[in-house]
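# Residue-level structure breakdown
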Amino acid sequence: MYNEEAEKESRPIIQCENLVKIYKTKDIEVLALQGMDIVIEPGELMAIVGNSGSGKSTFLNMLGGLDRPTAGKLFVDGKNLFKMSEKELVEYKRKTVGFVWQNNARNLLPYLTAVQNVQMPMVFDDNAEKEKRALELLELVGMEHKKDSRLSQLSGGEQQRIALAIALANKPKILLADEPTGSVDTKTGNYILDVFRKVNREMGITVVIVTHDVKLTSKVNRVVSIRDGKTSSERIMRKSYAKELENIQMFSEQEEAVKHYEEALDVHEEYAVLDRAGRVQIPRELLDKIGVKDNRVKLEYKDGKIILSSGNEKE
């Protein structure tokens, strides 16, 4: 007997195939994504990294319903983002995704208190229920003591935690964050990431973070690298490290313990990503290390392994 709920739970929450995004102006066309493939399972805690212009923010904006893809396939929570009407897109942004921006001016209204800001997305809910949920979310992110504070009375880290509470107000299935630790110090950044981990663990929300923060990426389960608008590699957290993170309550008093594990363990195992045609991107720095001077490499199959070399070795 067909079980629709079971089928929904078993499928990826985000799936894109050969995703293309072209920005056009009067004089030029910019190819921001050029055939990106990625699958994200429900409940994942992951980061997307890449150099400026690699396409990572473009991808995040499309997941958030803020931009439309040009070609390919993009499904989020079973919804085809290519076929959504404007009305459906508004509903999608209200109920499926929550967004945390790096620029806190985009997250909070300066003339409202923290608790009023968190209530804003719940505009159609009962007033008593709105305030109750807003206070619960502020407690979740450790900001209930600042409920009556306005933007000017909050530090950057405090603003970012309240922004996270706002993003959770409508009970989204996916939380998207654009450089959430980019404007705070290391200690505050660690605390903010702890809150993301707590939300992911306790609420089961899928969390996708775009970041340049190397320390942040060491504490997420999966890191996807984007180069030139394509998925080029993935790093999966080693089980031993993931277990240690679960055993440590990662707040300021345990910073030295966390630092110890980060230094002692190789956190992730890295994998190259094949596209649908069997092609793989190899970072330029690795090609330089094996002495590749042009656009050719030598491939050999030996003892169950594919060996790649510059082909310049002397016989």
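My aim in this report is to walk through the structure given alongside it, one point at a time. This is a predicted model, so every value here is computed, not measured. (Residues numbered from 1 in each chain as written. Predicted model: local features only at pLDDT ≥ 70, side-chain atom pairs only at ≥ 80, totals over all residues. Heavy atoms only, no water.)

Here we take up the overall build of the protein. Helices and strands together make up the secondary structure of the protein, namely 11 helices and 13 strands. Looking at the 315 residues of the protein, the share that counts as buried comes to 44%. Of the roughly 17,800 Å² of accessible surface on the protein, 49% is carried by carbon and sulfur atoms. (Helix = DSSP H or I, 4+ residues; strand = E, 2+ residues; numbered from the N terminus. Buried < 20%, exposed > 50% of the residue type's maximum accessible area, 1.4 Å probe, protein only. Areas by Shrake-Rupley, 256 points an atom, 1.4 Å probe, with all protein chains shown as cover.)

This paragraph deals with the sheet that holds strand 2 (residues 29-40). Spatially, four strands are ordered 2-1-4-5 in an open sheet, and the strand pairing comes out antiparallel. In this open sheet, the two strands that pair with only one neighbour each are strand 2 and strand 5 (79-80). Contacts from helix 2 (residues 56-63) reach strand 1 (14-24), strand 2 and strand 4 (71-76) within the one sheet, and its direction differs from that of strand 1 by about 110 degrees. (Pairing = 2+ DSSP bridges. Contact = heavy atoms within 4.5 Å. Axes fitted to C-alpha atoms, helices over the stretch in contact; angles between N-to-C directions.)

On the surface, a nonpolar cluster with roughly 340 Å² of combined accessible area is contributed by Leu 274, Val 280, Ile 282 and Leu 286. Here Leu 274 is to be found in the loop between strand 11 (268-272) and helix 11 (284-289). Given the relative accessible area of 60%, Leu 274 is considered exposed. (Patch = residues over 30% accessible without salt bridge, like charges linked within 9 Å, V, L, I, M, F, W, Y side chains within 5 Å. Salt bridge = Lys/Arg side-chain N within 4 Å of Asp/Glu carboxyl O.)

Turning to the environment of Asn 107, a few remarks are in order. Looking at the element boundaries, Asn 107 is found in the loop between strand 6 (97-100) and helix 4 (114-119). Residue Asn 107 is classed as buried on the basis of its relative accessible area, which comes to 12%. In sequence terms Asn 107 and Leu 164 are 57 residues apart; their C-alpha atoms lie 8.7 Å from each other. Each residue touching Asn 107, except ones within four places of it in the same chain, is listed here: Phe 99, Val 100, Trp 101, Gln 160, Ala 163 and Ile 166. In terms of polar contacts, Asn 107 uses its side chain to reach the side chain of Gln 160, at 3.5 Å. (Polar contact = N/O pair within 3.5 Å; in protein donor to acceptor, adjacent residues only side chain to side chain.)

Bringing the pattern of salt bridges into the picture now. Throughout the structure, instances matching the rule amount to 10 salt bridges. Between Glu 158 and Lys 146 there is a salt bridge, with its nearest N and O atoms 3.8 Å apart. Note that Glu 158 is positioned in helix 6 (residues 156-167) and Lys 146 in the loop between helix 5 (127-140) and helix 6, a separation of 12 residues in sequence. The class for Glu 158 is buried, based on a relative accessible area of 14%. Note that Lys 147 is salt-bridged to Asp 148, the shortest N-O span being 3.2 Å. Looking at Asp 148, the relative accessible area reads 51%, which means it is exposed. One network of salt bridges, in which partners are shared, links Asp 77, Lys 79 and Lys 173.

Turning next to the side chain of Gln 160. One can find Gln 160 in helix 6. For Gln 160, a relative accessible area of 2% puts it in the buried group. Among the polar contacts listed, one links the side chain of Gln 160 to the backbone oxygen of Trp 101, at a separation of 3.4 Å. For Gln 160, the contacting residues outside a window of four places in its chain are Val 100, Trp 101, Gln 102, Asn 104, Asn 107, Glu 179, Pro 180 and Ile 192.

The residue Lys 171 is not glycine, and still its phi comes out positive at about 55 degrees. Mapping Lys 171 onto the fold places it in the loop between helix 6 and strand 7 (174-178).

Turning to helix 5, a few remarks are in order. Between its first and last C-alpha, helix 5 extends 20 Å over 14 residues, near the 20 Å set by a 1.5 Å rise per residue. For helix 5, the complete set of buried residues consists of Lys 130, Arg 133, Ala 134, Leu 137, Leu 138 and Leu 140. Buried positions in helix 5, seen along its axis, are confined to an arc of 150 degrees and lie on one side of it. Along helix 5, exposed side chains directed more than 90 degrees from the buried face belong to Ala 128 and Glu 139. (Expected span 1.5 Å × (residues − 1). Arc of directions from axis to C-beta.)

Interpretation note: all reported values are geometric properties and have no functional meaning in isolation.
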